[in-house]
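# Reading the structure
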Amino acid sequence: MNEIEAAVGLPKTSNYRYAKQIGNQLYVAGQVPHDTNAQLVGKDDPSAQATQCLHNLHTLLGAYNFTQADIQQLVVYVVGEQANLLAAWGAIATWFANQVPPATLLGVCRLGYPDQLVEIDATIIRDTQV
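An unreviewed UniProt entry lists the chain under the name Enamine deaminase RidA, from Roseofilum reptotaenium AO1-A.

This next bit is on the pairing of strand β1 (residues 19-22). Examined bridge by bridge, β1 and strand β2 (residues 25-28) share 4 bridges and lie antiparallel to one another. Pairing of Ala19 across the sheet is with Val28, part of β2. Linkage of β1 to β2, two consecutive antiparallel strands, is achieved through a turn of 2 residues, within which Gly23 is found at a positive phi near 60°.

Take the side chain of His34 next. Of note, His34 is situated in the loop between β2 and α2 (46-63). Once you skip the residues sitting within four places of it in the chain, His34 turns out to touch Gln39, Leu40, Val41, Gln52, Asn56 and Tyr113.

One ladder, built from 6 bridges, connects strand β3 (residues 71-79) with strand β4 (residues 103-108); its direction is parallel. When the sheet's bridge partners are listed, Tyr77 is paired in β4 with Leu106. Regarding the hand of the β-α-β motif, the stretch spanning β3, helix α3 (residues 82-95) and β4 is right-handed.

Let us now look at α3. Since the α-helix advances by 3.6 residues per turn, residues separated by three or four positions end up pointing in the same direction. When the terminal C-alpha atoms of α3 are compared, their 20 Å separation across 14 residues agrees well with the 20 Å that a helix rising 1.5 Å per residue should span. Where α3 is buried, its residues meet α2, β3, β4 and β5 (118-125). In the stretch just after α3, Ala97 is the one whose phi turns positive, near 50°.

Further remarks concern the sheet that holds β4. Strand order in the open sheet made by the 5 strands is β1-β2-β5-β3-β4, with mixed pairing throughout. One side of each edge strand has no neighbouring strand; the edge strands of this open sheet are β1 and β4. Across the sheet, the mean angle from the axis of one strand to that of its neighbour is 15°, orientation sign disregarded.

In this model, α2 (18 residues) spans 26 Å end to end at C-alpha, consistent with the 26 Å of a helix rising 1.5 Å per residue. What α2 keeps buried is the set Pro46, Gln49, Ala50, Gln52, Cys53, Leu54, Asn56, Leu57, Thr59, Leu60, Leu61 and Ala63. Those residues of α2 hidden inside the fold are in contact with α1 (3-7), β1, β2, β3, α3 and β5. For α2, the side-chain oxygen to backbone nitrogen distance between the N-cap and Ser47 is 3.1 Å, and the N-cap itself is Asp45. Phi for Asn65, located one or two positions after α2, is positive at around 60°.

With that settled, the discussion passes to the packing of aromatic side chains. Under the defined criterion, the tally for this structure stands at 0 aromatic pairs. Across from the ring centre of Phe66, 3.9 Å away, lies the NZ or CZ of Arg126, which sits over that ring.

Analysis parameters
Residues numbered from 1 in each chain as written. Predicted model: local features only at pLDDT ≥ 70, side-chain atom pairs only at ≥ 80, totals over all residues. Heavy atoms only, no water. Pairing = 2+ DSSP bridges. Helix = DSSP H or I, 4+ residues; strand = E, 2+ residues; numbered from the N terminus. Contact = heavy atoms within 4.5 Å. Right-handed = clockwise from strand over helix to strand, strands pointing away. Expected span 1.5 Å × (residues − 1). Axes fitted to C-alpha atoms, helices over the stretch in contact; angles between N-to-C directions. Buried < 20%, exposed > 50% of the residue type's maximum accessible area, 1.4 Å probe, protein only. Polar contact = N/O pair within 3.5 Å; in protein donor to acceptor, adjacent residues only side chain to side chain. Phe/Tyr/Trp six-rings, centres within 6.5 Å; stacked < 30°, edge-to-face > 60°. Lys NZ or Arg CZ within 6 Å of the ring centre and 35° of its normal.

Next comes the structure, spelled out in structure tokens:
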């Protein structure tokens, strides 16, 4: 089910796909803060978790021959108090060298995995007119 993703080092999933490409668009599942062994990165550290989510997104983009420039929008989900949102946002701003694509930062009560504080969703569209 995840041959393309597994080939680039993302953990296998048993019941969903990381992405599906249709033409110049890549539909991606929300990226979670798991390493190549499907282990949570950065327990209690929203900055580390945001960075891992972005690393996974970057890996996924490369697997489908897209680039960071093809990210048209981000949605960042963060569990916890305002400090967690600010820490996650700081990591995102750093990753994008303060040139973050249009983004929404949302505080939520919980995410899918135990101890998960951050998940990042993205709209990916390659500009074919460039």
